[in-house]
Each structure stands twice: as structure tokens, then as C-alpha cells.
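# Residue-level structure breakdown
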Amino acid sequence: MSVRPERPLVPRASFVLAGEEVRQLWSFVHGDIMDGGLRRYLRGSLGLCPRHAWGHAVVEIELWQAGAGLRGGHQPFDVAVLHEDLLNHVASELGRRPGMFHRHPEAILSPVNPCRICSEMDGPATPGLRMGYANSNTAALTDEANLLDYTRRWCTETLDTWAARACPACTGEDADSVQDWFTGSLADRALLCRRHLLASGSLSAELRTMVVQRLTEIRRRLLRLIESMTDTGAPATAGDNASWIEALGWFAGWGLPLHLAQTGIPPFPRPTQDPL
């Protein structure tokens, strides 16, 4: 199966989800993320494409109004469960030795399956009215999701924790500064997100080890965050609350949290047509 190029990184600009994207993502949130076949597929696709990875988080955080734990609703539980599994998968692959009969460890940085949401969006049009999950009002949900109120709050409240851990190439102001990170020290390159790490060239064994250590540390905090969102879990720390942003930033780039943390409360105009 051929995999088309991933959709572009989420830009550091207004992020507006189209109605059909919200319809698909709201259904995805209600899907069985623990299903073995779906888990295997999502490991192959490394989750969702950058746009829909952040869209998944936005839809869950903005629209899910109730939950366990001290915070209750408007929290990234489904997103955290998915990315805990993906972090473990990628770290395990990057950490193994290259073998004669296996692909090189850094090949794990490239997805082999297309984004599930993109595939649904690009599928043949279905005649008739397309209903939302459980006959939900997609237009109303789209308006609510695009306010980004709760997502912005998560990103700004945890800024002091994740800012120093964001991909330096994602935060770079120009192409020259991005290239500097590609050719910098191992410590510099270890901070790169998945896509910029892949673009920076071959990874030495030492660099792979540093990346594995970083992903393992994020996963450790993400597991505590997941536990905090249950009835019996201990309250999350500031580092735990930032872990899902760091996980998505690594897989999908840092455009959206950087934008939300730096722009206050900007207007988010409705698109004139469905943007992809």
C-alpha cells in the first residue's frame, strides 16, 4: 500500500476545523481505541497526520464535557491513551539494534499507513445527509470546537513546562535557523520533533539513544496524566499536564501550542470552504 505525503504541519496561525473534519474526529473519539486492529493500524500511521492529530485533541478537549478525576471534562484522555502507546512503540523500535533482516531503526520515523481521518475525508462521497455521531449536530459542534477555549487554557497554563522542550526547528524564525538545528550538537538534535528529526539526516546510535530517553520520559509523565484522569488516580503535576502537548508536539509538530500560547485570544473566523 502506498502512503501519500503527510498533510503539512499545523501552521503557527489560526487553526479552523471544517465541519466534516469535526464529524469524523468526533466519531473517532467515540471509537474503540483499544481495538487490536485499530491499534496496529495507528502504530503504522504513527497516529494521525499533523493537522488531524491536533484536531483530535481539540475536538476531545473542547467537546467532551464530563470525565473522571479532579479536572472532570475537557481533558485529553483518548489522545493521551493513543500517544502513550505510540511513544512506547517508537521508543522500542528506535532502541533496537539494526539487524540484517529488519529495517533500520530510524525507519520508524516514517508512517507506513495513511492518516485514518484523511482516508475517510478523501473517500468517495456518500449520497444523502451525512449525520454526526449518534445524530449529533455537526455544525454546532464545529462552532464550539473552533473556539479553542479549553485547548488554549491547557497550552497556556503548561507553557512554563513545555516551552523549553519544544522542537527548536518548529520555533525557528527562518530557514537558516532551522538548518542550524539540523547540523547542531546531539543535544540540540535530540530536541527536534519527529518530522524535523527525520529531515535532519541519518541518526547515529548515540542520538537514537538520546531520543529514546526523551520519549520514555514523556511517556512516564503521560502515564501519570492518564492515571490522574481516573477515579482513583493521584492529581497530575504541572509536568504531567504538559506531557500530552509534548507527545503531540513530537509526533505532529508544535505549531498549534506555540500559536495558542503566544497570541492570547485571537479571532478564529469560519472558513469560506472546508480547509484541508
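Whatever comes next refers back to the structure up there.
All values derive from a computational prediction rather than experimental measurement.

Attention shifts here to the side chain of Arg51. Here Arg51 shows up in helix α3 (residues 50-63). Residue Arg51 is classed as buried on the basis of its relative accessible area of 12%. Side-chain polar atoms of Arg51 contact the backbone oxygen of Val16, separated by 2.7 Å.

Turning next to the side chain of Ser200. Locating Ser200 in the fold gives a position in the loop between α12 (194-199) and α13 (205-228). Judged by its relative accessible area of 14%, Ser200 is buried. Within the local environment of Ser200, its side chain forms a polar contact with the backbone oxygen of Leu197, the two atoms lying 2.7 Å apart.

Okay, the nonpolar core next. In this structure, Trp244 and Trp254 are the most contacted members of the largest nonpolar core, which totals 72 residues. Take this core: its biggest share by element is nine residues, from helix α4 (residues 77-95). The contacts of Trp244, once residues within four sequence positions are left out, are Trp54, Ala57, Ile61, Pro76, Val79, Trp154, Leu222 and Leu225.

Let us now look at the packing of aromatic side chains. Within the structure shown, the criterion is met by five aromatic pairs. Judged by centre distance (5.5 Å) and plane angle (35 degrees), the rings of Trp162 and Trp254 are tilted. A residue pair is termed long-range when its members are at least 10 positions apart, and Trp162 in helix α8 (residues 159-162) and Trp254 in the loop between α14 (238-252) and α15 (255-262) qualify at 92 residues. In terms of burial, Trp162 and Trp254 fall into one category: buried. Through a chain of ring-to-ring contacts, the aromatic side chains of Trp54, Trp154 and Trp244 assemble into a single cluster.

Its 24 residues give α13 an end-to-end C-alpha distance of 35 Å, which sits within 8% of 34 Å, the value for a rise of 1.5 Å per residue. The complete set of buried residues in α13 reads Leu207, Arg208, Val211, Val212, Arg214, Leu215, Ile218, Arg221, Leu222, Leu225, Ile226 and Ser228. On its buried side, α13 packs onto α4, α7 (149-157), α11 (186-189), α12 and α14.

Turning to the pattern of salt bridges, a few remarks are in order. Counted by the stated rule, this structure contains 11 salt bridges. Between Glu93 and Arg96 there is a salt bridge, with the nearest N and O atoms lying 3.3 Å from each other. Two residues, Glu246 and Arg165, come together in a salt bridge whose shortest N-O distance is 3.1 Å. Of this pair, Glu246 sits in helix α14 while Arg165 sits in the loop between α8 and α9 (168-171), and the two are 81 residues apart along the sequence. According to the relative accessible area criterion, Arg165 is partly exposed, its value standing at 30%.

Let's shift gears to the packing of α13 against α14. α14 packs onto α13 with a crossing angle of 130 degrees between their chain directions and a minimal axis gap of 8 Å. As judged from the angle between their axes, α13 and α14 are oblique. The chirality of how α13 crosses α14 is left-handed. Where α13 approaches α14, its residues Val211, Arg214, Leu215, Ile218, Arg221, Leu222, Arg224 and Leu225 are matched on the opposing element by Gly239, Asp240, Asn241, Ala242, Ser243, Trp244, Glu246, Ala247 and Trp250. Here the residues of the contact of α13 with α14 are counted per class, giving nine nonpolar, three polar and five charged.

What counts and how
- In this convention, every chain numbers its residues from 1, walking through the sequence in written order.
- Since the coordinates come from a predicted model, pLDDT governs what is reported: local features require at least 70, and pairs of side-chain atoms require 80 or more to be given and counted, while whole-chain, interface and lining totals use all residues.
- Hydrogens and waters are ignored; side-chain quantities use all the structure's heavy atoms.
- The way it works is that DSSP assigns letters per residue, a run of H or I at least four long becomes a helix, a run of E at least two long becomes a strand, and they are numbered from the N terminus.
- Exposure is judged per residue with a 1.4 Å probe applied to protein chains only, and the accessible area is read against the type maximum: over 50% gives exposed, under 20% gives buried, and values in between give partly exposed.
- By the criterion applied in these results, polar contacts are pairs of N or O atoms within 3.5 Å in which, for protein atoms, one can donate a hydrogen and the other can accept it, and in which residues neighboring in sequence qualify only through two side-chain atoms.
- Among buried residues, those of type Ala, Val, Leu, Ile, Met, Phe, Trp, Tyr and Cys that are joined through side-chain atoms within 4.5 Å constitute a nonpolar core.
- Here, two residues are considered to be in contact whenever any of their heavy atoms come within 4.5 Å of each other.
- Any Phe, Tyr or Trp ring, taking Trp's six-membered ring, that has another such ring centre within 6.5 Å forms a pair; planes under 30 degrees apart are called stacked, those over 60 apart edge-to-face, and the others tilted.
- Residue count minus one, scaled by 1.5 Å, sets the expected span of a helix.
- Here, a salt bridge means any Lys or Arg side-chain nitrogen found within 4 Å of an Asp or Glu carboxyl oxygen.
- Where helices are involved, their axes are fitted lines through C-alpha atoms of the stretch in contact, as for all axes, and angles between N-to-C directions lie from 0 to 180°.
- When an angle is under 35 degrees it counts as roughly parallel; over 145 it counts as roughly antiparallel; between 65 and 115 it counts as roughly perpendicular; any other value is oblique.
- Two helices crossing with the near one rotated counterclockwise from the far one by less than a right angle form a left-handed crossing, whereas a clockwise rotation gives a right-handed crossing.
- Charged means Asp, Glu, Lys or Arg here, nonpolar means Ala, Val, Leu, Ile, Met, Phe, Trp, Tyr, Cys or Pro, and polar covers whatever is left, Gly included.

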